[in-house]
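Examining the three-dimensional arrangement
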Amino acid sequence: MEHSLSPGLYIVATPIGNLGDITLRAVDVLRGVGAVACEDTRVTGKLLHHLGIKKRMIRYDDHAGEGDRERLLALMESEAVALVSDAGTPLISDPGYRLVRTARERGIAVTSLPGPNAAVLAMTLSGLPNDRFLFAGFLPNKAKAREEALAELAGVPATLVFYETAPRLEAALAAIAAVLPGREVAVARELTKKFEECRSGTPGELAGHYAAHPPRGEIVLLVAPPLEEPAGDIDVDALLRTALADAKPSQAAAQVARATGLDRKALYARAMELK
Ligand code: SAM
């Protein structure tokens, strides 16, 4: 199928490690389009070479401006253009949002092919409740902003899914321990690759493991939903003691209130007793 697709934008998910995960339809579409818009022509060039496909590549990355976007949109009026990212599903913590939005506004045909995505893969692997999950992208880099972002998500009754990097894992686990005490956490690392692993535990246990075995590669971090048991079944004192190790009674009470839904004033009174 060479240049046989009708004009428009084709969003194509590509492997996140194991090249065998490319779908048959993705290969067909990459063969059939007139051009491939990609974040990095070297990365996508390797994938296309592996698939035996020679194709015009057009760079479209985080730095792409309106001019780059307009050129691609103009091309899509007359040709089929694929959008890929370096790995996984385009637009999911990757470029493409404005391109897709504008293409749709202008009536350009847009279609998206299902395929690899690290967040969904980690969710299926983690053993954490999957009836509801919230993908929250990357946590902020700065400590205060990171804690605020976690605090904002504390009451969400769903498993939280974050993208992480190995150098930031330690800080992320410490922030989860402080802001979301008592939650189970899973670290899904190097998915679909040789050293794939998924490790669960408390943030403290995982921090201990990764201090002894510095993590490498790519990471998805997942946090279990807030506890749902009736208040009587929660070991409130244990949660408060953990929180009091790093925080003042008022902060500890606020953290445990967020995690459990219990009354903050009552928790503060108990925290003062335990202090
Ligand atoms: N669009 C991609 C997707 O669909 O998964 C995600 C792109 S985002 C820029 C890169 C982040 O995805 C990494 O920092 C990591 O958190 C996660 N990721 C990508 N590949 C992964 C893998 N093989 N194992 C674990 N996490 C991965």
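By convention here, each chain's residues receive numbers from 1 onward along its written sequence. Local features in this predicted model are restricted to residues of pLDDT 70 or higher, and side-chain atom pairs are both shown and tallied only at a pLDDT of 80 or more, whereas totals for entire chains, interfaces and linings draw on every residue. Each side-chain value is worked out from all heavy atoms of the structure, with water and hydrogens disregarded.

Concerning the sheet that holds strand 3 (residues 56–59)
An order of 3-2-4-1-5 is seen for the five strands of this open sheet, with the pairing classed as parallel. Of all strands in the sheet, those with a lone pairing partner are strand 3 and strand 5 (110–113), marking the two edges. Ignoring which end each strand starts from, the neighbouring axes of this sheet average 25° apart. Two strands pair if DSSP finds at least two bridges between them. To qualify as a helix, a DSSP run of H or I must reach at least 4 residues; to qualify as a strand, a run of E must reach at least 2; elements of each kind are numbered from the N terminus. Helix axes are fitted only over the stretch in contact, all axes being lines through C-alpha atoms; the angle between N-to-C directions runs from 0 to 180 degrees.

Focus on the sheet that holds strand 6 (residues 133–138)
Strand pairing in a sheet is mediated by backbone hydrogen bonds. Such pairs are either parallel or antiparallel. Taken in spatial order, the five strands line up as 6-7-10-8-9 in an open sheet, and their pairing is mixed. Each edge of the open sheet is held by one strand with a lone partner, namely strand 6 and strand 9 (197–201). Neighbour to neighbour, the strand axes of the sheet diverge by 20° on average, direction disregarded. Relative to strand 9, strand 8 (residues 185–189) is paired through five bridges, and the arrangement is antiparallel. The residue bridging Ala-188 from the neighbouring strand is Cys-198, located in strand 9. Whether two residues touch is decided by their heavy atoms; if any such pair falls within 4.5 Å, the residues are in contact. Together, strand 6, strand 7 (159–165), strand 8, strand 9 and strand 10 (218–223) form the strand contacts of helix 5 (residues 118–126), whose direction differs from that of strand 10 by roughly 55°.

Digging into the domain arrangement of the protein
When its domains are assigned, the protein resolves into domain 1 (8–113), domain 2 (118–223) and domain 3 (231–274). Each partner contributes to the interface: domain 2 provides eight residues, whereas domain 3 provides five residues. Summing the contributions of domain 2 and of domain 3, the shared interface buries around 580 Å²; its carbon and sulfur component is 60%. As used in this structure description, the phrase polar contact means that two N or O atoms lie within 3.5 Å; if the pair is within protein, one of them must be able to donate a hydrogen and the other to accept it, and residues adjacent in sequence are counted only when both atoms belong to side chains. Counting every contact that joins domain 2 to domain 3 gives one residue pair in polar contact (both at pLDDT 80 or more). Polar here means any residue other than Ala, Val, Leu, Ile, Met, Phe, Trp, Tyr, Cys and Pro, which are nonpolar, and Asp, Glu, Lys and Arg, which are charged; Gly is therefore polar. Across the side of domain 2 that touches domain 3, the residue classes tally to five nonpolar, two polar and one charged. Where each domain begins and ends is defined by an automated method or by a domain database. Note on terms: buried area is the combined drop in 1.4 Å-probe accessible area of two parts once they are placed together, counting the loss on both.

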